[in-house]
Amino acid sequence: MNILVIGSGGREHALVWKIAKSRKIKKIFCAPGNPGIAQLAECVNIKADDIKGLREFAIREKIDLTVVGPEIPLTLGIVDSFEDKGLKVFGPSKKAAELEGSKVFAKDFMQKYGIPTAVYKVFKDPKEAKEYIKECSSPLVVKADGLAAGKGVVICKTKEDAVDAIKLIMEKKEFGEAGERIIIEEFLKGEEASFLAITDGKTVLPLPSCQDHKAVFDGDKGPNTGGMGAYSPAPIISAKLKKEIMSSIMIPTVKAMEKEGRPYKGVLYAGLMITDDGPKVLEYNCRFGDPETQPIMMKLRNDLVDVLFTAVEGKLSKIKLNCENKVALCVVMTSKGYPGDYEKGKEIKGIEEASKLKDVVVFHAGTAINGGKLVTAGGRVLGVTAMGVGIKRAINKAYEAVSRIKWDGAHYRKDIGEKAIR
Ligand code: AMP
Ligand code: GLY
């Protein structure tokens, strides 16, 4: 088969790495890809949101299956556009991707179908929102409705902070149209986990549980990022809790989307808070997580092309997922300054040395080739991923690999996985 993967991050490198192991592959393309992906696939210079350009390419190159990484093309309707031309593509339709594209849609949907989530209210008018704050007790969470590259959520310790967040989103329009409506919701206490499943709209196959590390500094300090590291499985998700998440969240979500006339196929990713009252949904994503995909792909034993193609065909009930009984852990290395303004163009050394370690894969994200040298080109630069028996071995191996990689200003968290030991 000819496969096209869309995107250019660590998630897409992990998908391409896994797809490259499939026996069914003739050729892999990635648009636009990155230098790590270029070692396994032909990178084509088409942007991930250029739906028309991607569709023309898929027709021309006789692509048998397209796998979409990021949320933007999904919410723009890439799946509908490809299917119109009879192209097979793994991901939800535009109407189904609204679960991620609009937090208001997702919250109203969860309320309608009794899927556990934080108590909330929606506002279009900043004045009314500020009035409402007066009745609330803090802490509170203020969220922009639309996509804001993971930055549209403000955790407010005090009511004053909440008023500032309303001003930022609705009056200063920090996130543009995404902030035309906001959600104000209760602050949930607990531990977070990422729960991903592959679905064809009927069968829902859970992937190994995972825990992301969103804050930029050790001890969950500092601003949130796209994710500074992840490990899988997450010990907080016991077998019992996994059953509960499947029966109270994942399966009801897929069933209810069908009822809404928005049948969901692709990856359904629930960002969860495990509270004293059980698991609650913080948000849905309509795609693989980044960096969750890096450890998940290392653990997965199935032929990924087989799984994704079977899902697209609506025959997922035939598949049984099979995973390594080990821990996989990814440490994200970032540019100095990220998630704020960051430096670029620093030469990266030591990836080869790190990759010599057994069961270690260095996934590229924001890298580029400049004058024949590998340099930094984004906030999140590399996802150094290792697998081992037990969390301690996975941690030691990942950090041994990280210690071999150097560039001027490289930053990474030193405590990825510690929560799993505790
Ligand atoms: P979201 O994009 O909605 O997942 O929010 C980003 C991050 O904000 C989450 O990963 C949580 O750390 C935090 N968050 C979002 N909603 C809540 C909430 N209701 N209570 C506590 N933390 C939250
Ligand atoms: N790691 C968080 C996300 O992919 O949204």
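Computed from a prediction, not measured in an experiment: that's the story for all the values here.

Novice: Help me understand the environment of Lys-326, please; the structure alone is not making it clear to me.
Specialist: When you line up the elements, Lys-326 lands in the loop between α11 (304-312) and β18 (327-334). Here Lys-326 falls in the partly exposed class, since its relative accessible area comes to 26%. C-alpha separation for the pair Lys-326 and Ser-232, spaced 94 residues apart in sequence, amounts to 8.5 Å.

Novice: Mind showing me how you'd approach unusual backbone geometry here?
Specialist: Trans is the prevailing form of peptide bonds, just as negative phi is the prevailing case for residues other than glycine. That bond from Ala-31 to Pro-32 is cis: its omega, -5°, falls within 30 degrees of zero. Tracing the sequence through the fold places Pro-32 in strand β2 (residues 27-32). Tyr-338 connects to Pro-339 through a cis peptide bond whose omega is 10°. As for its placement among the helices and strands, Pro-339 is situated in the loop between β18 and α12 (351-355). At Asp-220, a residue that is not glycine, the phi angle is positive and equals roughly 55°. Within the secondary structure, Asp-220 is located in the loop between β13 (215-217) and β14 (221-224).

Novice: Just to check I follow, could you spell out the site of ligand 2 for this structure?
Specialist: In the neighbourhood of ligand 2, the contacting residues comprise Asp-212, Gly-226, Tyr-269, Asn-285, Arg-287, Gly-289, Asp-290, Pro-291 and Glu-292. Asp-212 places a polar side-chain atom, nitrogen or oxygen, 2.8 Å from a nitrogen atom of ligand 2. Taking Glu-292, its side chain carries an N or O atom lying 2.9 Å from a nitrogen atom of ligand 2. In the complex, 91% of the free accessible area of ligand 2, which totals 200 Å², lies under the protein chains.

Novice: Quick question: what am I supposed to make of the nonpolar core here?
Specialist: One finds Ile-78, Leu-99, Phe-109, Met-250 and Tyr-284 to be the most contacted residues of the largest nonpolar core, which totals 49 residues. Not counting residues up to four positions away in its chain, the partners in contact with Met-250 are Phe-195, Ala-197, Val-204, Ile-245, Leu-268 and Ala-270.

Novice: Any chance you could explain the site of ligand 1 here in plain terms?
Specialist: Taken together, 16 residues lie near ligand 1, and Glu-185, Glu-186, Leu-188, Glu-192 and Glu-283 sit nearest. Glu-186 is positioned such that a nitrogen or oxygen atom in its backbone is 2.9 Å from a nitrogen atom of ligand 1. A distance of 2.4 Å separates an oxygen atom of ligand 1 from a polar side-chain atom of Glu-192. When isolated, ligand 1 has an accessible area of 470 Å², and the protein chains bury 92% of it.

Novice: Mind showing me how you'd approach the packing of aromatic side chains here?
Specialist: A complete count under the given rule lists nine aromatic pairs for this structure. Geometrically, the ring pair formed by Tyr-338 and Tyr-342 is edge-to-face, given 6.4 Å between the ring centres and 65° between the ring planes. Tyr-338 sits in the buried class, given a relative accessible area of 14%. Residue classification places Tyr-342 among the partly exposed positions, given a relative accessible area of 32%.

Novice: I tried to follow the state of the cysteines on my own but got confused; where do I start?
Specialist: In protein structure, a disulfide is the covalent linkage between the sulfur atoms of two cysteines. In this structure the tally under the stated criterion is zero disulfides. Summary of cysteine pairing: Cys-136 is not part of a disulfide, and the nearest cysteine sulfur, belonging to Cys-156, is at 11 Å. A relative accessible area of 12% means that Cys-136 is categorised as buried. There is no disulfide at Cys-323, and the cysteine sulfur nearest it, in Cys-210, is 11 Å away.

Novice: Help me out: how do you make sense of the environment of Ala-14 in this one?
Specialist: As for its position among the elements, Ala-14 is in helix α1 (residues 10-19). The class of Ala-14 is buried, set by a relative accessible area of 0%. Placed 342 residues apart in sequence, Ala-14 and Lys-356 show a C-alpha to C-alpha distance of 17 Å. In contact with Ala-14, other than residues within four places in its own chain, are Thr-293, Gln-294, Met-297 and Phe-363.

Novice: Explain the sheet that holds strand β19 (residues 360-364) to me, please; I cannot follow it from the model alone.
Specialist: Strand pairing in a sheet takes place through backbone hydrogen bonds and is either antiparallel or parallel in direction. Strand order in this open sheet of five strands is β12-β15-β18-β22-β19, and the pairing throughout is antiparallel. The sheet is open, and its two edges are formed by β12 (211-212) and β19, each paired on a single side. Of the pairings in the sheet, the one linking β19 to strand β22 (residues 380-388) comprises five bridges and is antiparallel in character. When the sheet's bridge partners are listed, Phe-363 is paired in β22 with Gly-383. The strands touched by helix α13 (residues 391-403) are β15 (229-232), β18, β19 and β22; relative to β18, the strand with the most contacts, the crossing angle is about 30°.

Novice: What am I meant to see in the side chain of Lys-18 here?
Specialist: On the secondary structure map, Lys-18 appears in helix α1. No salt bridge is formed by the buried Lys-18, whose closest oppositely charged neighbour, Asp-303, lies at an N-O distance of 7.5 Å. Sequence-distant contacts of Lys-18, defined by excluding residues within four places in its chain, comprise Met-297, Leu-300, Arg-301, Asn-302 and Leu-304.

Reading the values: rules and limits
- Within any chain, residue numbers begin from 1 and follow the written order of that chain's sequence.
- Each chain gets a letter, beginning with A, and each ligand a number, beginning with 1, in the order they are written.
- Only residues with pLDDT of 70 or above have their local features reported here, since the model is predicted, and side-chain atom pairs are shown and tallied only from 80 upward, although totals for entire chains, interfaces and linings are computed over all residues.
- The basis for every side-chain value is the complete set of heavy atoms in the structure, and neither hydrogens nor water enter the calculation.
- For helices the rule is a DSSP run of H or I covering at least 4 residues; for strands it is a run of E covering at least 2, with both sets numbered from the N terminus onward.
- Burial classes follow relative accessibility: with a 1.4 Å probe on protein chains only, a residue under 20% of its type's maximum area counts as buried, one over 50% as exposed, and anything between as partly exposed.
- The near set for a molecule or strand comprises every residue that places at least one heavy atom within 4 Å of it.
- For this analysis, a polar contact is any N or O atom pair within 3.5 Å, provided that within protein one partner can donate a hydrogen and the other can accept it, and provided that sequence-adjacent residues contribute only side-chain to side-chain pairs.
- Computed with a 1.4 Å probe, the accessible areas rest on the Shrake-Rupley method; for each residue, only the protein chains presented here act as cover.
- The nonpolar core is taken to be a set of buried Ala, Val, Leu, Ile, Met, Phe, Trp, Tyr and Cys residues, with the residues joined through side-chain atoms within 4.5 Å.
- Throughout, a residue-residue contact means that at least one pair of heavy atoms, one from each residue, lies within 4.5 Å.
- Only Phe, Tyr and Trp rings are paired, with Trp represented by its six-membered ring, and only when their centres lie within 6.5 Å; those with planes under 30 degrees apart are stacked, over 60 edge-to-face, the remainder tilted.
- Sulfur atoms of two cysteines make up a disulfide when they are within 2.5 Å.
- Strand pairing is defined by DSSP finding a minimum of two bridges between the two strands.
- As a rule, the C-alpha atoms of each element are fitted with a line to give its axis, helices using only the stretch in contact, and angles between N-to-C directions run from 0 to 180 degrees.
- We count Lys and Arg on the positive side and Asp and Glu on the negative side, and we leave His and both chain ends out.
- Each salt bridge in this description consists of a side-chain nitrogen of Lys or Arg and a carboxyl oxygen of Asp or Glu lying within 4 Å of one another.

In short, geometric facts, not functional conclusions.
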